[in-house]
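What follows is the residue order along each chain.
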Amino acid sequence: MITVSVDLSFYQAINHIINSIQMKKMLFLGILFLSQTLYAQIPYGSNNGKYVTIKGAKVYYEEYGKGTPLLLLHGGFGSISNFNQVIGPLSKNYRVIAIDSPGQGRSEQIDAISYQIFSDYYAEFIDKMKLDSVYVVGWSDGGNSAFILAHDRPDKVKKVVACGSDSDMFDAAPAGFVENMKTRTPENISEEYRQYWLNDFLKLSPNKSTWQKTFTQLRDMWITKEVISDDHLRKIKSKFLIVYGDRDVIKLEHGIHIYRTIPGSQLVILPNTSHMVFMEKPTLISNLIVDFLGK
């Protein structure tokens, strides 16, 4: 019988190193998870939001990060909170400026709204903030206004990501949508809109007692046929990334039309995704935005 003498200190040292590596790996993963968690949700009203007065109305905005200014334009019946899962990741690369459109979120109401009026407010915001040039991410109504903003201000708008947006509601919407919206009034507001929009509006808005005005303005804007003409789309100089979910309420055929009409634009269709891309796929859309803007 042969007896083998083993130096246990050697194996103990190896085991210590392995355990150390594993601990460091676990620590790294923990830090990574924590950092992702910290960036996952930016509560509405964070970072000392401010106001700028445009055309006599106070418009609310929040800023995060440093670098090239990146304007975030939210959707209808929404606010800056639409972007609370992507502000963190985007602010690691850009100076994110998220804006509440007039009459929504914490911004004051104005006499009338349209996509052109919203675009005019955003254009003046850029000038008042003395921004040399900007990138823009617009979702839904925000993307609609971004089409007009890019057309009107090629001197300022360099790149745009438009998600779930349209240039002609009658062509883009599913059958019956416009007719159904025409019947909507403040008196018969659905439970869906009450939960998604009105409850938060009544908590945040300086226009709580006149919420019916904002509802009617947005409804009327939604049932207006043309957002921007094909002729104007063809004249856009800004670089565009057009994004839709494969289950978006906007017809994909309409999105493809926009993609083919804006010169040099790019198109992305996200799998298993609805109109609510920023809520459903925040990591994916953040990575797409950073990749597009970084090229």
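Look above for the structure.
These remarks concern the structure in this document. (Residues numbered from 1 in each chain as written. Predicted model: local features only at pLDDT ≥ 70, side-chain atom pairs only at ≥ 80, totals over all residues. Heavy atoms only, no water.)

Observations regarding the packing of aromatic side chains
Evaluation of the coordinates by the stated rule reveals 17 aromatic pairs. Both rings, one in Y61 and one in F125, keep their centres 5.2 Å apart while their planes meet at 80°; by these two values the pair is edge-to-face. Within this pair, whereas Y61 is found in strand β2 (residues 57-64), its partner F125 is found in helix α3 (residues 115-128), the two being separated by 64 residues in sequence. Judged by its relative accessible area of 1%, F125 falls in the buried class. Geometrically, the ring pair formed by W139 and F278 is edge-to-face, given 6.5 Å between the ring centres and 75° between the ring planes. Highlighted residues: W139 in strand β5 (residues 134-139) and F278 in helix α11 (residues 277-280), separated in sequence by 139 residues. Through a chain of ring-to-ring contacts, the aromatic side chains of F77, F177, Y193, W197, F201, W211, F215 and W222 assemble into a single cluster. (Phe/Tyr/Trp six-rings, centres within 6.5 Å; stacked < 30°, edge-to-face > 60°. Helix = DSSP H or I, 4+ residues; strand = E, 2+ residues; numbered from the N terminus. Buried < 20%, exposed > 50% of the residue type's maximum accessible area, 1.4 Å probe, protein only.)

Comments concerning the pairing of strand β4 (residues 95-99)
Here is the key point about a regular strand: its side chains alternate between the two faces of the sheet. Along β4, four of the five residues are buried, which leaves the element largely enclosed by surrounding structure. Two elements, β2 and β4, share four bridges in a ladder whose sense is antiparallel. Looking at the pairing, E63 lines up with I97 of β4. Across five bridges, strand β3 (residues 69-73) lies against β4 in parallel orientation. What sits directly across from L73, in β4, is I99. (Pairing = 2+ DSSP bridges.)

Side note on unusual backbone geometry
Even without glycine at this site, K55 takes up a positive phi of about 55°. Looking at the element boundaries, K55 is found in the loop between β1 (50-54) and β2. The phi dihedral of N272 is positive, around 50°, even though this residue is not glycine. Its location among the elements puts N272 in the loop between β8 (266-270) and α11. Take N272: its relative accessible area is 54%, and that puts it in the exposed class.

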